[in-house]
Structures are given as structure tokens and as C-alpha cells.
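# Fold and geometry: a report
Below are the chains, spelled out letter by letter.
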Amino acid sequence: MSFLRRRKGTDSSKSQNLRCNIVKEDEKNNLYESPRKESYNSKKSSCWDSCCWFIGFVCSVWWFLLLLYNTMPASIPQYVTEAITGPLTDPPGVKLRKEGLTVNHPVVFVPGIVTGGLELWEGHQCAEGLFRKRLWGGSFGELYKRPLCWAQHMSLDNETGLDPPGIRVRPVSGLVAADYFAAGYFVWAVLIANLAQIGYEEKTMYMAAYDWRLSFQNTEVRDQTLSRIKSNIELMVATNGGKKVVVIPHSMGVLYFLHFMKWVEAPPPMGGGGGSEWCAKHIKAVMNIGGPFLGVPKSVSGLFSVEARDIAIARTFAPGFLDKDVFGLQTFQHLMRMTRTWDSTMSMIPKGGETIWGELDWSPEGSSFNCGAKTLRNNSINNTDQIPNINLANMKNVNYGRIISFGKDVAEAHSSKIERVDLLDSMKADMLANLTNCDIWIEYHDIGDHRIKAVADYKVYTAGSILDLLHFVSPKLMARGGAHFSYGIADNLDDPKYQHYKYWSNPLETKLPDAPDMEIYSMYGVGIPTERAYVYKVTTATDCSIPFQIDTSVEGGSEDSCLKGGVFSADGDETVPVLSAGLMAAKGWRGKTRFNPSGIPTYIREYSHAPPANLLEGRGTQSGAHVDIMGNFALIEDIIRVAAGATGKELGGDHVYSDIFKWAERINLQL
């Protein structure tokens, strides 16, 4: 834009008008001038700056409030809270210390996916100054400072599933690895603090941190993590008078430790060489929290379109904000490219096929959950009665077996009225060359419009056809995953093929250890609508966008409907359905079965979700949500009692609110 300086002696109106006309003409020329690369880059840079400033502002406010909270005397927030809610109850650790409980069995924590910290040990030039700084967990400062560099370093090699050249990101060690996910957001911290109340300290607690992005066996190949867990457990038993450990895995850590128990028995080089008696000698109990034993439908939507219910809703409120259309951020494409290198995500694809998850017109849950019911604050460790049955007379049966449906009519129609194309025939067709000029490559860019149309024309996918779908849209991911994970039901567990590590994290294709004195607990929240199936649509936004999205415009039509925002919900903890968390303990491992030949006692401990009564309660002490349950007083008390020496029978056996035993009866699982 021209810039005119004022000269001496040129103050006449004629000169001023001339200058104004020149300025206006110059502005007009610039306004209608064809876009230049410099102006585009300036606009793009401005958008990036605005986003970074906004995120920085939010984080600054959060840190200021956190600082204010931590600097004020502890008596002030406690006084305000007690004035509103009444006297606070003693935390479980204080309560049980008064009862005389003290430290007994060492405890081992196994964190789940995304909750463990990761730090940088080697990186590219863009990551200068980040040596041993957290890339995952903590403040996430580098995410908004240099997002593309961060995504590059958080990704694994798309061919090997291991480190890309020149990059080493490793798990943080010690209890700090997963005590807090971010400042003020606890994961294991509350449980650790309560164990400390009865005498536990770092020598009797061990955080089995691992790189949760890797496949389970690759954590041993790259970092020898499984060997380290074995050695640390042996050391804790030896230095604590021979007391066996109590292992407490959470979320995907449940599957990781299931893999470990088979690895530690297996002979080298594939296994740890501990022999068939290792678990019996070293483990008192495995107390699984929120375990996705049989997978989660949420993983399917994550791999298929990088979505879950919350992300899909956010996308609806701000269409295009996270895509290329507005700011050029291409957030979803970067996220898909990054997460599809994390092989661990494939461990949570639903297992057991239609036998477990249901068919086109049948599912074990049917319509036995009222998604609109209000949760009562009745979660007490002394309450072993089930929640009264809900009147289901007016509730519509839900086709939960249809994990993905293209259109509401397809999701609700009888299977005989659905016309479908043959997906396998479409898979055999040659893929068209990618003619689009996409900045961020993802596998969808290679499959062609005809294949995308074929995916939608197949219309409905059950747990039996989900694997074909994922092979169809993400062949590289599934090629790696097929070498590390399996999703079937074993016909004969004595078949030598099941000695391979790809089967070890699937409870339907492996046996529990020969350890009849060991106990296994399935501990999880109930009473929260949890993602179970999805209604999708094909998008036509841009050539380089992800072609499938959850159709958030689809609603069930009533307040109590389990179809909201394109997502069918069932009972669970908001992430893991009850069916996945509880079926093995309710049926697959109950008594002596082919999956549990030594008859290890199994117990179900459910915690009915009760949200906090007010903001002063934080995330609540009776929460059943997938992560917030780690602060549930009833769950913490159960864990401390077992760590102090109690058995499952002394806890009161099963503590069940859901219909898991009814659903188990409907599933034809050969035992």
C-alpha cells in the first residue's frame, strides 16, 4: 500500500483531496489484486498466531487459578467446602489407618493408554531445547508452541511401528510418570496418597511405566520394559519378606499386564523365561480398573475417522474449525496420521466378533439401559443390592450389534430390508492413483472415490466385519497390527499357534496362569451412557478431508433414547461398556473353564456413578467415569484392604449393579 508523507506548504484542500484519491485508488488496487503467496502466508501465519495466543491465554488463566488455589492456606478452601457441603468424610487411607491397617503387600501400578508421560531423548532441529522435556503429559506447552514439530516427534514409523530415524521419545520413570496427567488432573495421585496414609512409600510402590504407543511386544523389543517389570516385581517380593505383589492395572494397562503374564511364563527369546509357576510365586491379586478386556467400540471410530462422541459434537458446533476449510490447520488429518502409527490402539478393537458383540438383529444388552435415567448418589461399599430394574416397557430395542451404520434408517431397519454391496469384491478392485495435491497424506487419499462409495454402500458393519473395513481403509495400520494382535475366539487353546505373542492380550485366545491362589478383580464404573455403536455419513467437504464422519444430526427422538448425536450408548464407564469390562469375570473366567483352567477366583466390583454434588467436590469421590474412578473412595478402600491382606471373600465377593450376569447368559461362549 502506498504511503504519502505530508510536506511543508501543501496543506491546501486540493492537495489533500489528491492524496486521498491516490490512497483510495491504491487500496482499491490492492483489494482486487490477485492473491499473492506473501499475503496468503501472512494470513495463514496470522491464523496460527491467533490460535496460539488463544491457547496460551487459556493455559495462562488455568495456571493462574491453579497458583492462586495452591498459595492460599489449606484451611480456606476446606472451610468454604465444609460450610456448603457439611463436614468432610475421612479419605479411605485415614479411615483404614484408624482401623489398624498397615502396609503389607507391595503394589504395582500399570497405567493405561495416554495417561503416562513421554519425554524427548533425541529429536530433529525443530525440537531443539527439549531434551528430557515432556512431549506428552504435564503442561503440553510444546503442543501449542510448535504443533507440527510435536506431531512429528509423537509419531512412530509407519512401516516398523518403532522410532522414526533421528527421534527417540521414551516413557517417564517413577511414580511421577502417571500420578498426574496434567497439572491439577490426577490419575494415580489420589490412590498413591491414600496408600501412603497406611505406610506405603516408594520402596513398596512401583509404577510400571511403558511407551503406550508401541505394541505390547515391541515395548520389550525396544525398551526391555517387560523384563524390567519382571525384575522389579521379583525385587519387591524379595525385599518385602516374600510378600507377593498386588498389581493394579488401569484401562489399556489391563491388556498390557494380561500380555505380561503370558510373556513372563513363556521361554525365551519370545518370552521372559519365568516358567509356569512365576505368577503363583509373585502375584497375590490383579485388580483391574476399567479393563477393556474385549475391546471398545470407541477404538473403531477413532481408527475410522479420528472421532468419538465429544469430538464429533465439537465439530458440529464449529464446522470447519478443526479442518482445512478455515485456518488451514488440518487438525484431523495430522491427528489421524499420528495416531495411526500407534500400534497399541489396535489392542482395543472389539474381540470375539458377533458371538460377543451381537449380530445385525441381536445383541446381548438389547434395550436394558435407560440412557436418560438420573444417577442417584447411592454408591456405597456396603451396598451390595442391585439398582432396581427400570421399567423397559416403553423402551425400543437397540441394534447394538451394528457398530457402524450409514444412516439412521439402516441402523434401525430389519436386516432383511437392507440392500448391501459386496465389500470384498470392492477390495479386489484396483486402487486409483492419487491425483489430489494434499499437504497431509493419509491412507484415505489413496483408495479412490469408488472405494469410499463402496464402504458406505455396504451400509452396516458388525464386530465380524469391522476388521475387513479397517483392512480396507487402513491397510498399513492393519498389516502391522496383524503381527501383534488377534481378535477371535480360540477353538482349541492347546493349539501350538496360541503360544505366539499376538494372542496374549486377547482373553478369548489365551489361558490364565496356573495360579489358583491368585485373585483377579474386574473393577469398573457403571451408570454412564457409553459409546457402543455409531451412525456415519459420507462427507464431501474437500478432496483432502477424511471422507467419513459421525452424523451428529441423528437423534433417537426421546429424552430416554440411547441414540444421541449419531451415537448409540449402552451401560458403562463412559469409555468401556460393561460387556467388555465384566464378561470375562462373569462367565469366561468364572470357576474352572478352558480360559481359567486352574480356577483362579474372580470377582466383579462395580461402582455406580454418582456425579459430584457441586463444583467444590472436584471430580467427585463417587465417580464411575473411566479416569475419575481413580478417585472413587469405595474403589480405593477395596484396593487398600486387599493390599493390606484381605481376600475377595472378605470384601464381600461380587458387588454388582448392572445386568452383566443376564447378558453373560445370552452369550454362547464355549467354556
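It should be noted that the structure appears before, not after, this text.
So, here's what we can say about the structure. Everything quoted here is computed from the prediction, not taken from an experiment.

Our next topic: the overall build of the chain. Across its full length, the chain holds 25 helices and 17 strands. Nonlocal contacts in the chain, meaning residues at least 24 apart in sequence, comprise 77% of its contacts between residues at least 6 apart. If you sum the accessible surface of the chain, you get close to 30,400 Å²; carbon and sulfur atoms cover 55% of it.

Turning our attention to the state of the cysteines. A disulfide bridge is the covalent bond that connects two cysteines by way of their sulfur atoms. This model, assessed by the stated rule, comprises 1 disulfide. Covalently, Cys-126 is tied to Cys-149 through a disulfide, its sulfur atoms 2.1 Å apart. When the S-S torsion is 80°, as for the bridge of Cys-126 with Cys-149, the disulfide is right-handed. Of this pair, Cys-126 sits in the loop between β2 (118–122) and β3 (134–136) while Cys-149 sits in helix α6 (residues 147–154); the two residues are 23 residues apart in sequence, bridging distant segments of the chain.

This part is about the side chain of Glu-509. As for its placement among the helices and strands, Glu-509 is situated in the loop between α21 (475–481) and β12 (519–526). Here Glu-509 sits buried without a salt bridge, and the closest side chain of opposite charge, Lys-497, lies 6.1 Å off (N-O distance). Reaching out from Glu-509, the side chain makes a polar contact with the side chain of Ser-486 at a distance of 2.8 Å. In terms of polar contacts, Glu-509 uses its side chain to reach the side chain of Asn-506, at 2.8 Å. The residues touching Glu-509, leaving out its near neighbours within four places in the chain, are Ser-486, Tyr-487, Gly-488, Ile-489, Ala-490, Leu-493, Tyr-498 and Tyr-503.

Right, let's get into the pattern of salt bridges. A full pass over the atoms with the stated rule returns 26 salt bridges. With its nearest N and O atoms 3.2 Å apart, the salt bridge here joins Arg-641 to Glu-99. With a gap of 542 residues between them, Arg-641 in helix α23 (residues 633–643) and Glu-99 in the loop between α4 (92–98) and β1 (107–110) connect regions that are remote in the sequence. Arg-641 sits in the partly exposed class, given a relative accessible area of 22%. Taking relative accessible area as the criterion, Glu-99 reaches 43% and is therefore assigned partly exposed. Linking Arg-222 and Asp-223 is a salt bridge whose minimum nitrogen-to-oxygen distance equals 2.7 Å. Its relative accessible area of 15% is what places Arg-222 among the buried residues. Salt bridges linked by common partners bring Asp-163, Arg-170, Asp-211, Arg-213, Arg-222 and Asp-223 together as one network.

Criteria and cut-off values
- Residues numbered from 1 in each chain as written.
- Predicted model: local features only at pLDDT ≥ 70, side-chain atom pairs only at ≥ 80, totals over all residues.
- Heavy atoms only, no water.
- Helix = DSSP H or I, 4+ residues; strand = E, 2+ residues; numbered from the N terminus.
- Contact = heavy atoms within 4.5 Å.
- Areas by Shrake-Rupley, 256 points an atom, 1.4 Å probe, with all protein chains shown as cover.
- Disulfide = S-S within 2.5 Å.
- Buried < 20%, exposed > 50% of the residue type's maximum accessible area, 1.4 Å probe, protein only.
- Lys, Arg positive; Asp, Glu negative; His and termini not counted.
- Salt bridge = Lys/Arg side-chain N within 4 Å of Asp/Glu carboxyl O.
- Polar contact = N/O pair within 3.5 Å; in protein donor to acceptor, adjacent residues only side chain to side chain.

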